[in-house]
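The lines below spell out each chain.
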Amino acid sequence: MNLVIISGNAPVSSGNAVNNLKKNFDLMSIIEVHAKDQTWAEATLSVATPSLFSEQRLAILRDYFKVSETELKSLDGPDLTLALVFSKPLPPQSEILKYALSQRAQVITLDESKEESVFPFLNHLMEGNERAFSELDKLTQTYGTQYLLTMIFYSLRRLILPPKNASDFVKKSLAKQSQNFPLEKVKEFYRKTIETDFKIKSGLTDEKLALHLLVEEFMAI
């Protein structure tokens with residue numbers, strides 16, 4: 001079994017890490033289960049069922065914080081990649097983490113501070129505030145263009161599906177931004193962001209220039 005541990009309170013980065021894993025597997029060979037929906041015993045029954053479409057399987061099990069080393073070993077198999085995803089960091093004394101390290105598993109620990117530092121830029125961007133340009137200049141010195149594009153996608157999506165556990169401050173901010181972005185406008189800028197991503201990945205334009213031009217589009221709303 002190939003074991004991967006992804007933990008940390010950085011939902012966007014966590015989602016990216018999971019999506020990168022999924023790219024290596026056939027869609028029909030991926031199982032994804034959350035602890036709030038199934039017990040560990042129920043989840044392992046799903047994982048144990050062989051795929052009809054591919055020998056290589058990916059099981060993504062979320063927030064099973066109390067699973068033991070014995071329970072993890074019961075899922076062993078040469079065709080299985082098991083990704084345990086946690087919405088907060090695992091403590092150093094975690095049995096799961098100790099077992100993963102003993103197996104030389106891939107352990108990805110994510111830091112929410114990276115995402116938080118991007119939010120001033122995103123807020124200015126979605127509100128049409130030209131301070132987005134100065135924030136962008138600072139961020140491009142630290143973060144890659146692809147990460148910033150991912151965060152722009154995230155900002156557009158949460159205008160349609162606001163996080164249920166958002167604070168009152170975030171809810172007010174999203175309500176203000178939604179005035180600039182009715183549904184059709186969200187679709188339009190999602191398309192523009194996809195086009196920018198495509199041009200960068202295809203080498204059709206300089207990535208910093210493409211991102212700057214995209215920000216200019218937002219400023220024109």
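Please read these numbers as outputs of a predicted model, since none were measured by experiment.

Rules and cut-offs
- Residues numbered from 1 in each chain as written.
- Predicted model: local features only at pLDDT ≥ 70, side-chain atom pairs only at ≥ 80, totals over all residues.
- Heavy atoms only, no water.
- Helix = DSSP H or I, 4+ residues; strand = E, 2+ residues; numbered from the N terminus.
- Buried < 20%, exposed > 50% of the residue type's maximum accessible area, 1.4 Å probe, protein only.
- Contact = heavy atoms within 4.5 Å.
- Lys, Arg positive; Asp, Glu negative; His and termini not counted.
- Charge placed at Lys NZ, Arg CZ, Asp CG, Glu CD.
- Expected span 1.5 Å × (residues − 1).
- Pairing = 2+ DSSP bridges.
- Axes fitted to C-alpha atoms, helices over the stretch in contact; angles between N-to-C directions.
- Parallel < 35°, antiparallel > 145°, perpendicular 65-115°, else oblique.
- Left-handed = near helix turned anticlockwise from the far one by under 90°.
- Nonpolar A, V, L, I, M, F, W, Y, C, P; charged D, E, K, R; others polar.
- Core = buried A, V, L, I, M, F, W, Y, C linked by side-chain atoms within 4.5 Å.

Draft legend 1. Geometry of the overall build of the chain. Within the chain, the regular secondary structure consists of 11 helices and 5 strands. Taking the principal axes of its C-alpha atoms as reference, the chain extends roughly 55 × 40 × 30 Å. With 221 residues in all, the chain has 42% of them scored as buried. Expressed as a percentage of contacts within the chain between residues at least 6 apart in sequence, the contacts between residues at least 24 apart total 71%. The average position of the 26 basic charges and that of the 28 acidic charges among the side chains of the chain differ by 3 Å.

Draft legend 2. Highlighting helix 11 (residues 207–219). Between the first and last C-alpha of helix 11 there are 19 Å, a value that for 13 residues agrees with the 18 Å anticipated at 1.5 Å per step. For helix 11, every residue scored as buried is listed here: Ala210, Leu211, Leu214, Val215, Phe218 and Met219. Looking at the buried side of helix 11, the elements it contacts are helix 6 (119–126), helix 7 (131–139), helix 8 (145–160) and helix 10 (183–201).

Draft legend 3. Summary view of the environment of Ser202. Assignment of secondary structure puts Ser202 in the loop between helix 10 and helix 11. For Ser202, a relative accessible area of 38% translates into the label partly exposed.

Draft legend 4. Focus on the sheet that holds strand 5 (residues 106–109). Within the open sheet, the 5 strands sit side by side as 2-3-4-1-5. Their pairing is parallel. Each edge of the open sheet is held by one strand with a lone partner, namely strand 2 (30–34) and strand 5. Going across the sheet, the axis of each strand differs from the next one's by a mean of 15 degrees, ignoring polarity. Pairing of strand 3 (residues 57–62) with strand 4 (residues 80–86), which is carried by 6 bridges, proceeds in the parallel orientation. From the neighbouring strand, Ile60 faces strand 4, where its bridge partner is Ala83. Against the sheet, helix 4 (residues 95–102) contacts strand 1 (2–7), strand 4 and strand 5, and its axis sits at roughly 135 degrees relative to strand 1.

Draft legend 5. Representation of the packing of helix 7 against helix 11. Relative to each other, helix 7 and helix 11 sit at 160 degrees, their axes nearing to 10 Å. By the angle between their axes, helix 7 is roughly antiparallel relative to helix 11. The element helix 7 and its partner helix 11 pack so that their crossing is right-handed. Facing Ala132, Phe133 and Leu136 of helix 7, the residues of helix 11 in contact are Leu211, His212, Val215, Glu216 and Met219. Tallied by class, the residues present in the contact of helix 7 with helix 11 amount to 6 nonpolar, 1 polar and 1 charged.

Draft legend 6. Broad picture of the nonpolar core. Counting residues in each nonpolar core, the largest one holds 30 residues, and the members touching the most others are Val118, Phe121, Leu125, Ile152 and Phe218. When contributions to this core are tallied by element, the ones reaching two or more residues are helix 6, helix 7, helix 8, helix 10 and helix 11. Sort the elements by how many residues they give to this core and helix 8 lands first, with 8 residues. The contact partners of Val118, leaving out residues within four places of it in the chain, are Leu139, Tyr143, Tyr147, Leu148 and Met151. Of all hydrophobic cores here, the second largest spans 22 residues; its members include Ala43, Leu75, Leu80 and Leu82.

In short, geometric facts, not functional conclusions.
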